[in-house]
Every structure is written in C-alpha cells, then in structure tokens.
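What the coordinates show
Take a look at the letters that make up each chain.
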Amino acid sequence: MILNRAILLLVFCIAFASCTPTYPKERIVESVQKLCEKEYNVDVEVVIEGSTMGVRIPLEGLFDTETLQIKPEAFDKITGVMLSASRVALSSDRSIDFYTVITYDPKVPGAEVVMTRYIFDLRRFFLGDISRGEFAKRMVFDVRFNPQAIIDTWLGDFTLKDQSFTEFICEQTSRRIQDEFRENKDLAGKFKVIFCKGSLDGKTLKFVVDISREGLPVSELIHGKAWHGEILEFCMQKICYVAYIYSFKDFDEIEVFNKFDNKSLIISKDEISKWRNRRIRID
Amino acid sequence: MLILHKRIKLFLLDHWIKMAIGSAVVLLIGAAIYGLSTLESFYRHMTLATLPLQILIVAVNAMIFVYMYMTVFRGGFAKLDKGLVKGEKIAVSFNDVIGIDEAKQESWEVVELIKDRRKLQQIGGQVIKGILMMGPPGCGKTYLAKAIATESGIPFISMSASEFTEIFVGVGASRMRKLFKKARRLAEAHGGCIVFIDELDAIGKKRGYSYLGQGQETNATQNQLLVEMDGLKQKQENVIVIGATNAPEDTLDEAMLRPGRFDRKVYIDRPNLEGRESLFRFYLTKVKHDEKLDIGRLARRAVRKTPADIMNIVKESALIATRNKKDIVSLKEISDAMDRVDWGIKHRGFMTPKEREMVAYHEAGHGVILYMLHPADDVFKISIISRKGYLGATMHHPKEELQTRNKDAYSADIKTSLAGYVAEKIKYGTTSNGVSGDFMKSMQQAHDMVWRLGMGKSGLVGDYSIYGNTVNSNAPSATQLAESTKEKLNAETQAIMQECLKEVEELLKKEWNIVETLVKELLERRA
C-alpha cells in the first residue's frame, strides 16, 4: 500500500517536472545557437518571424565545384543544425509551426540551400505516426538563387518571411511532383519537367506546370492527346494526396494547368473523394 | 527480545524476495526520474505519453508468461501447497474429545510435555519428537491431533501421507524436506510446531528392496522422514510429528517406530460402553430427541461402533425422523438408522412368496438357536427384508462387552450358523444356496478352533496354521506338516461341525413350534 502510494507520488512528480519547457521562448534564439555550436561546431544566425523559425548557416565549400552537388560533409552539418532546430522548436513554449534552415556559401553569394519542415510532421514522426520515407518527402527542399541574399550578406542582415501553411502545402506538392517525375521508375526519363508551382488563387488551389514528353516527335508532342491527360491526372493525384494527408480544405476547387499545351484539369472539392475512390472519371 | 530478534530474522528470510523486488522498483523509478529529467521536455512528454501503452504491453507480456509458466510447469512438481494453521484457530479442545478417555489422557501428557519443554530440558529430559496414533478408522485420531494442536497453542501443519507419493522418484522426499524446513522455521519463531501426517502407512510401511526399482519413491520419502525426525542436524528445533494410521503396527517400518522418532504410540481403539454413552449423549444434544431415550441401551446396542459410526447413526436418525414427518428423534428412528448403517437400504418386494417363506425358516432357525444356545450374544432383530445382498438377517449383539471368546462361544457361533441350513432341511427336505455364507463362517470357526486354538478333542495343541504362512518369513513350510497330522486336524474340524449339526437338529425338531410361530410372525409382519 505504502509502495503503491510512493510510486503514484513519483509518477506525479515526473508528470509535473515534464511540464517545464527545456527551451523557454525568451532564450530560443540563443538555445539554437548554443546547441549548434556545442554539438556541431557551427555558428548560425537565428531569426523568428511569426510562427517560423529561420536558421542561416554560412558554410564555405557548400557545393562541389565539379558536380555542383552539396558536399556530403556539408550535408552532415546541415542535418545536425536541422536536428538542433527541431529539438529547440519541439521543447519550447514558443508556438513554432515551421522552421527553415538556409545554408549558403559566402564565396557563392545568392546560392542557397533551403530546407523547411512543419513541426507537426516532426511530432508525428517521433511518435511513429508517419514513416521515415514519408517524413523525408514532407520536407521542402530547394536549391535556389536569391538576389536578396546577396544584399543581406552585404548588410549582415537576415530577413525571413513568415511561412504560411498554404505556401508550405503548395511548395511541398510542387516538390513531390518534380521528385516523382524524376525518381519514379515508370516516369523517369520519359517526361521533361521545366516548371511546377502552386498557389491559392482566391478559393482555387492552382498549380501551373510545364511538363512535356521527352523523345517524341514534335507532331506527336503537339497532337498526341493520350499523355497530356496522364500528366494532368498524375499531378492532380499528388495535389489531392497532399491536401488529404494535411487535412487541407481551405479551397473550393483544384486546377492543374500545363503551360506546355495550355491544357488544364479542374476538380471541385466535393468531387475529390469520389475521384480518388475511382467512382468518377475526369476528362 | 530473543524471540523478537528471531521473528525479525524470520520475517527477513520470508520476505527477502519482496524486499529485493521493492528496492529494485524504487531504484528503477529513481533512475527513470533521473533519466527523464535529463531529457528535453518534448522527449519527456513523448515518453510519458507512451508510458501507459508500454505498461499495457509489459502487463500483457507478463500475463502471457505467467499463463505459460502455470500451464507448462505448474509451479514445479515439488511444490508444497500447505499453509500454516495456527493452533488456536483449530478450536478443538480436549473437552470436545469424547469416548476415548485413555488416549485422551496419554495425549494430554504429550501436550504438557510440549508446553513444559524448557522445564524438561532443564531436568535433562529429551523432547518428544513423534507420536504415532494407531487404531481403527473413525475413532478420532485426527480429532485428537487437532486437540493437541489447540491445547499446545503452537502452529500446526496437516498433510496426508498420500500427498508425498508421486510417480517421480525424489518428489516425495523433496516435499518432505520442504515440509520440515517450513516446520523448523515456524518452530524457531513460535517455540514449536506440530506436523500432522495422516494415513502414515502410505509412506511408513516396511521398506522393500527390489532390483526392478519398485517402491523406490516410497523408500526415498520414508528415508527423508526418518532423517528429518532424527537425523544429524546442526540445531534441534521443537518440531513434533504426529502420525496417524489404521495399519497394524507390525506392518510399519521398524526404523520409524524406534525411540527418537515416534517415541510415543497412542492406541485409539473403539470406545467402550461408557465412551459410547458419552458419544450418544454428545451427538444427541445436537438433534431434538426423545428425552426418555435410554442412552445406556443405545450404547449397549452399538458394540464395536466407532465415534464416527455413532455420529453417523444420530445424523441418519434425524434424516429418518424428517422423512417420517416426526418432530423428534425416538428409539425407532435410531434403531432404523442402525439397521441402515449396518445393513444398508431395504429392498421390499424383491422375493417371491415361496422364497420369502424359505428365508423366514432359515432366519427363524438362526434366531431360535441363537436365543437358546448362545452364551454371549442376544438376538436383536430378525428380518426377511433383503438388504445389501442379503435376503434376510438375524442381528445379534454381545450381552456384555467381552474381550475374549471361549470354546462355548465358538461352538454357539457354529451352531447358530448351521441353524439356517437345519431349519430349511427340516421344513423342505432340501436346502438352498443361502447356506453358503453360514457354512463358510462356521467352517472357518471350526477350523480355527482345531488348527489355531487347541479346542479339539484329539489332544493336538498349537497353531498349525503357521505352516506355510507366507507373511511370516520364519514360518515352517507347509510340507513340514505331516499328512497324518493334517488328516487328524481336518477330521477333528469335521467332528465339531457334525456334533454341532446334530445338536442343532435335535433342538430345532424339539422346538419346532417356536420356529413355526416365528416364521408366521415374520411373514405376517413382512419384517
């Protein structure tokens, strides 16, 4: 009886102790910086804008000059910084929805590697709710040229735009579409993806793509209809899937527009589930 | 202070597993708290959030393990599932032991010796280690053991000897070791402990040695008992073993009966007349009965009845009274109960009228001869109602409680047995197979008179039945008995039978009117 009470008391103590955040909101910036320095020996700049935490890492020799790929040792440091940012974001009383890690090479001004994560995805991953593969796909990864970054570097400034959930959804979907055309064994090498971008236009979730079939004669490229529909339908599937996994419903319809042939596919929100369950066809 | 120290020591010995588990739990929880405190708050939350699920998984695993363990191993073959019974909780005092006064007196001495153990040791006396209670079943051996435990006020562990017997050699011995280990620890804490082993003959019979390994398990168990009772041990604790058995003393192993093991032998026989009176008086107080009941008469009728029999008779009589819609138990109910206990349930309408008449003559013959010739027994009841495989019965009981039987009593028994045959022969000129039991009994008695008891007229004296006795290994072989002696003994046996037969024939012919009257009564009453 006494032992039971003692155990109960201890459990309560643990429960109350767990309520205290490890990284209070007042020291969140310093916490990330300290962690990165202590654990990975990296000096980072940290900015919080709204519910987005930005971490900028200057890394000399970020890219391999021959392959233009990110060097493995640079990638390890980026991963470490991302882990530090994750730890702080998860164990803080500050409401943070996204964190973005921007890596740049001071010797290559304007070239940036941007990685953005949704904190809720992190929580679900740690609790085993989503797989490692799906977790990787949910990260928004981009290598871009940003002129603003050149100015910021000169000024020693770090400006960050607060990430909205819609933007995150659109960027992730665009990324997934591009990756799929590049990595899927049935699609790789058959299609040419020039462009893919999404946004919420009023109540329409609109995705503009520029995708064409590779290796076909010009006449077939222009007049062949079969593959046109396939591209639109494939893109639509990806968009609907991402909207579904995030329970994103802040739209009335989804439109996919292929700039290559000026064809588009539109589906209303009510029809999505029927279409996904193959109860209706769209032409 | 010493006892308190011993009790604390015993408590620690008893509960060390629990205490070790408790300490381990506290340490693990402390380590868990420390571990959690070093985690970041998110991981702490996550760990605590998944804790109920983890506990559930561990609990399910534990349940599966326990189930498998219990199913497959059943806690091990040598598990001793015997709990302690505290002496005072048995609540059987010496006042409750009735009808076996001599055994009670001997047992009381034992109780006093247990109580005054220290005084006895100061004088230099040896502590009693074992008491063997012997006697027929139902005489109160177990009851007396309970009374000893209550009066001495020390812990009491009761086991049946059959609980030690298993097909696996060594299991019984292992249980015996565990039993005594437990008893010694209790004795250390409480100043003494009684181990009661019922039906001791299951492990206490003379040890046999076989090349085929027969009886190895019993031998091993008995050996362990012998060692535990008087083996070489560092410390002698006040553990008293009380054994109870129905088996004759000479069938038990000699090593077990020697002083230092079962030092005292208490023979608990059937109660005598006074004992039976006390028992009837005691058990009748538990039922509503006729106050005019002659308890002495009941006790005289219940010769050779055990306390358990008497309890059963009173219980049965209450049932009969209830069935007959009577408010109290009277002599009739007790009489019916005795018949029922002795002879079983009545089977009316079982025989044809002719058969019934023949049985009536047969039983009337027995009854008349018994009444007229028997020096020791009285006719109690004659019945032609079939019970328990008998078509009729002539019930008799001794006039007084005699411990010996003389030649006249034997002869009278033979005559009584032969009377049924003679009555049938006089009436019908032929006889039935109903005489077989009578012949067997009378022949056995005539044989015993001549072969064993020297009651023949030939002058041959001695027990000739020892020739060829397979039980006694020192007995002479059957071939050593001369054929002429055998012939003489057998002729003498037949002579006794013929003599008795002749006397019965003469008497029954002379008193045939009585037989006829008795038969008429039996048939009319269908008694």
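Data block above holds the structure.
1. Thoughts on the overall build of chain B
Each helix and strand in chain B was counted, giving 19 helices and 9 strands. Counting across all 527 residues of chain B, residues that qualify as buried make up 32%. Counting contacts in chain B only where the partners sit at least 6 residues apart, residues at least 24 apart contribute 78% of the total.

2. Regarding the sheet that holds strand 8 (residues 253-258) of chain A
All names here are of chain A. Spatially, the 4 strands line up as an open sheet ordered 6-7-8-9, and their pairing is mixed. Because the sheet does not close on itself, it has two edges, and the strands there are strand 6 (191-201) and strand 9 (263-268). Looking at each pair of strands side by side, their axes are set apart by 15° on average, direction ignored. Bridge analysis of strand 7 (residues 204-213) against strand 8 gives 6 bridges, and the strand direction is parallel. Across the sheet, residue Val209 finds its bridge partner in strand 8, namely Asn258.

3. Re the pairing of strand 3 (residues 193-198) of chain B
All names here are of chain B. When you tally the buried positions in strand 3, you get 5 out of 6 residues, the bulk of the element. Inspection of the sheet shows strand 2 (residues 156-160) paired to strand 3 by 5 bridges, in the parallel sense. Within strand 3, the residue paired with Phe156 across the bridge is Ile194.

4. So, the packing of helix 2 (residues 28-40) of chain A against helix 3 (residues 72-90) of chain A
All names here are of chain A. For the pair helix 2 and helix 3, the least separation of the axes is 9 Å and the interaxial angle reads 140°. Every pair of crossing elements has a handedness; the one defined by helix 2 and helix 3 is right-handed. In this structure, helix 2 contributes Ile28, Ser31, Val32, Leu35, Cys36, Glu39 and Tyr40 to the contact, and helix 3 contributes Lys77, Gly80, Val81, Ser84, Ala85, Arg87 and Val88. Class assignment for the residues of the contact of helix 2 with helix 3 results in 8 nonpolar, 3 polar and 3 charged.

5. Concerning the nonpolar core
Judged by nonpolar contacts, the single largest core of 66 residues is most densely connected at Met133(B), Ala183(B), Cys193(B), Ile194(B), Val195(B) and Ile242(B). The element contributing the most residues to this core is helix 7 (residues 171-190) of chain B, with 7 residues. Split by domain, this core shows at least three residues from each of two domains, domain 2 (87-267) and domain 3 (273-343) of chain B. If near-sequence neighbours (up to four positions away) are discounted, Met133(B) is found in contact with Lys141(B), Leu144(B), Ala145(B), Ile242(B), Gly243(B), Ala244(B), Val266(B) and Ile268(B). Leu35(A), Ile57(A), Leu90(A) and Ile169(A) belong to the second largest nonpolar core, which has 53 residues in total.

6. Some words on the packing of helix 15 (residues 353-373) of chain B against helix 16 (residues 407-428) of chain B
Residues and elements named next belong to chain B. In contact at an axis separation of 7 Å, helix 15 and helix 16 are set at 140° when each is read in the N-to-C sense. Relative to helix 16, the element helix 15 lies oblique. Handedness of the helix 15/helix 16 crossing: right-handed. Contacts between helix 15 and helix 16 pair Met358, Tyr361, His362, Glu363, Ala364, Gly365, His366, Val368, Ile369, Leu370 and Leu373 from the former with Ala412, Lys415, Thr416, Ala419, Gly420, Val422, Ala423, Glu424, Lys427 and Tyr428 from the latter. Considering only residue class, the contact of helix 15 with helix 16 consists of 12 nonpolar, 5 polar and 4 charged.

Parameters at a glance
Residues numbered from 1 in each chain as written. Chains lettered and ligands numbered in written order. Predicted model: local features only at pLDDT ≥ 70, side-chain atom pairs only at ≥ 80, totals over all residues. Helix = DSSP H or I, 4+ residues; strand = E, 2+ residues; numbered from the N terminus. Buried ≥ 20, exposed ≤ 12 C-beta atoms within 10 Å, placed from the backbone. Contact = placed C-beta atoms within 7 Å. Pairing = 2+ DSSP bridges. Axes fitted to C-alpha atoms, helices over the stretch in contact; angles between N-to-C directions. Left-handed = near helix turned anticlockwise from the far one by under 90°. Nonpolar A, V, L, I, M, F, W, Y, C, P; charged D, E, K, R; others polar. Core = buried A, V, L, I, M, F, W, Y, C linked by C-beta atoms within 7 Å. Domains from an automatic or database assignment. Parallel < 35°, antiparallel > 145°, perpendicular 65-115°, else oblique.

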